[in-house]
Amino acid sequence: MKENLVIHQAFKYEVGSCKIEIPTNYGYNAASGYWVNEITKTPMVRDPEGIKPRTKKEDIETGEDNKGE
Amino acid sequence: MNNVKVLIISNKFDFTTDYVCIELEKRKVKYLRLNRDSFRSCKIEFNINLGELLINVNKKKYIVNKGLSSVYYRAPTYFRETFSKNFSAEDQLYNSQWMSFIRNLTFFEDAKWMNNPVDTYKAENKLLQLKYAKEVGLRIPNTLVTNNNSFKFNNPTVAAKSLDTALFKINDKEAFFYTNIMAVEDVKSYDIGLFPIVIQDNLEPKIDYRVTIAGNKMYSAVISEHGKGVSGDWRRRKNTLKFIDCDLPDQIKKKCFNGCSLSEQRCREEATL
């Protein structure tokens, strides 16, 4: 008999870094609860150069999409 | 002191939450975003006798009490990763204890919750979900949970799944168990005695849907690959897929809404026991 099914058939991958690099001109505004361009005060998600939400497609399967930590 | 009407529990790098906060600010709603990865920058005092939670974030003071009308809990799944990284003792305790704090915010049970942890706990248990789906009239596949290598199953090809999310470390790598479509005899050629797995009918062809219900609104999407449904586990081929808005047949919609009502009803009954 072969080894355990789940262990043998699991997809194995290198542990990568999930760190998100935010450009230095953006800062998190704790009072507003969103990131802003500190020069123009535009919310980052509305800023053409800003980082946008990642889609489900870009999640690494961790069981909680790396957001539950 | 700022009275909080809407509490958002998220993560500093969850940019989707930014849109929600921008909209709440525009509507002049009194809201507070708490980030699970930034609790170190906030001080809390939760007086259980008074039912008042005081939160100090970046020198601004907030109060959460019975005036809280809703809670939006983003990415609420159970934390499973402590094992896989070399967390310090501080980090392990930070994660476990703050997660407990978040779960205990269910203290504010009169608020309308999006992803109440009590419901999420149930939602993460496949077998219970299948039972509830069947109760509201949705068809469910033949399902067997077993750690017995001599199990019997009607169909020669099955979908083999882990009972819980199977994310683990093996040597220097991480591993994740997707749904595997396999012949029954192939499944039996492996040792399954260590822990139970889920054996289900292989639905082929199939179409995956994602349905979200918020109050009386339903948002559904079909997961499509080249205009067709996806064979096996769609998460394996995310780059080639499209998530397309769709409308479900009225009968199915009704069953989904009934499922949510049933869940709410159960929660109310449990609360009164």
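Scroll up for the structure.
Residues numbered from 1 in each chain as written. Chains lettered and ligands numbered in written order. Predicted model: local features only at pLDDT ≥ 70, side-chain atom pairs only at ≥ 80, totals over all residues. Heavy atoms only, no water.

## Regarding the pattern of salt bridges
Residues and elements named next belong to chain B. The test is simple: Salt bridges are defined as contacts in which a side-chain nitrogen from Lys or Arg sits within 4 Å of a carboxyl oxygen from Asp or Glu.
With the rule as written, the count across this model stands at twelve salt bridges over all chains. The partner of R27 in a salt bridge is E23, with the nearest N and O atoms 2.9 Å apart. Linked through salt bridges whose partners overlap, the residues forming this network are E23, K26 and R27.

## A look at the environment of Y132 of chain B
Residues and elements named next belong to chain B. Stated precisely, the cut-off is as follows: Going along the chain from the N terminus, every DSSP run of H or I of four or more residues is numbered as a helix, and every run of E of two or more is numbered as a strand. The contact rule is simple, with two residues in contact once any of their heavy atoms fall within 4.5 Å.
Considering the arrangement of structural elements, one finds Y132 in helix α4 (residues 126–135). Spatially, the C-alpha atom of Y132 lies 9.7 Å from that of C260, the residues being 128 residues apart in sequence. Discounting residues that sit within four places of it in the chain, Y132 has contacts with K122 and R266.

## Structural notes on the packing of aromatic side chains
Going by this rule: Stacked, tilted and edge-to-face are the three classes applied to pairs of Phe, Tyr and Trp rings, where Trp contributes its six-membered ring and a pair requires centres within 6.5 Å; stacked means planes under 30 degrees apart, edge-to-face means over 60, and tilted covers the rest. Working definition: with a 1.4 Å probe on protein chains only, accessible area under 20% of the residue-type maximum means buried, over 50% means exposed, and in between means partly exposed. When the NZ atom of lysine or the CZ atom of arginine is within 6 Å of a ring's centre and also within 35 degrees of its normal, the charge is said to sit over that ring.
The full count for this structure, using the stated rule, is 14 aromatic pairs over all chains. Ring centres of W35 of chain A and F15 of chain B lie 6.4 Å apart, and the angle between their planes is 75°; this geometry places the pair in the edge-to-face category. Residue W35 of chain A is located in strand β4 (residues 34–37), and its partner F15 of chain B is located in helix α1 (residues 15–26); the two belong to separate chains. Take W35 of chain A: its relative accessible area is 6%, and that puts it in the buried class. Summarising the aromatic geometry, the rings of W234 of chain B and F243 of chain B are spaced 5.6 Å apart at their centres and angled 80° between planes, so their arrangement reads as edge-to-face. For W234 of chain B, a relative accessible area of 6% translates into the label buried. Residue classification places F243 of chain B among the partly exposed residues on the basis of a relative accessible area of 34%. A connected cluster of aromatic rings, assembled from ring pairs, spans F11 and Y13 of chain A together with F176 and Y178 of chain B. Sitting over the ring of Y94 of chain B, R40 of chain B keeps its end group 4.2 Å from the ring centre. A cation over a ring is seen here: K188 of chain B above F151 of chain B, with NZ or CZ 5.0 Å from the ring centre.

## A word on the pairing of strand β17 (residues 217–225) of chain B
Residues and elements named next belong to chain B. Rule in force here: One bridge is not enough; two strands pair if DSSP finds at least two bridges between them.
With seven of nine residues buried, β17 lies mostly within the body of the structure. Pairing geometry for strand β16 (residues 208–214) and β17, over seven bridges, is antiparallel. Residue pairing across strands places T212 opposite Y219, the latter belonging to β17. Following β16, the chain reverses through two residues before pairing antiparallel with β17; G215 in that reversal takes a positive phi of roughly 60°. The pairing of β17 with strand β18 (residues 241–246) spans six bridges and is classified as antiparallel. Following the sheet pairing, S224 is matched in β18 by K242.

## So, α1 of chain B
Helical geometry note: an α-helix holds 3.6 residues per turn, so side chains three or four residues apart project in the same direction. Applicable threshold: Take the residue count of a helix, subtract one, and multiply by 1.5 Å to get its expected span. Working definition: the arc comes from the directions between the helix axis and the C-beta atoms, pointing outward to the latter.
Taking 1.5 Å per residue, twelve residues should reach 16 Å; α1 of chain B reaches 17 Å between its end C-alpha atoms and fits that length. Buried within α1 of chain B are the following residues: F15, T17, D18, C21, I22 and L24 of chain B. Projected onto a plane normal to the axis of α1 of chain B, the buried residues spread over an arc of 165° and lie on a single side. Where α1 of chain B is buried, its residues touch β4 of chain A together with β2 (6–10) and β3 (31–35) of chain B. Within two residues after α1 of chain B, K28 of chain B carries a phi angle of roughly 60°, on the positive side.

## Here's the deal with the pairing of strand β13 (residues 180–183) of chain B
Residues and elements named next belong to chain B. Alternating positions in β13 separate cleanly, N180 and M182 being buried on one face and I181 and A183 remaining unburied on the opposite face. As judged from the four bridges shared by strand β10 (residues 157–162) and β13, these two strands associate in the antiparallel manner. Each bridged residue has a counterpart across the sheet, and for T157 the counterpart in β13 is A183.

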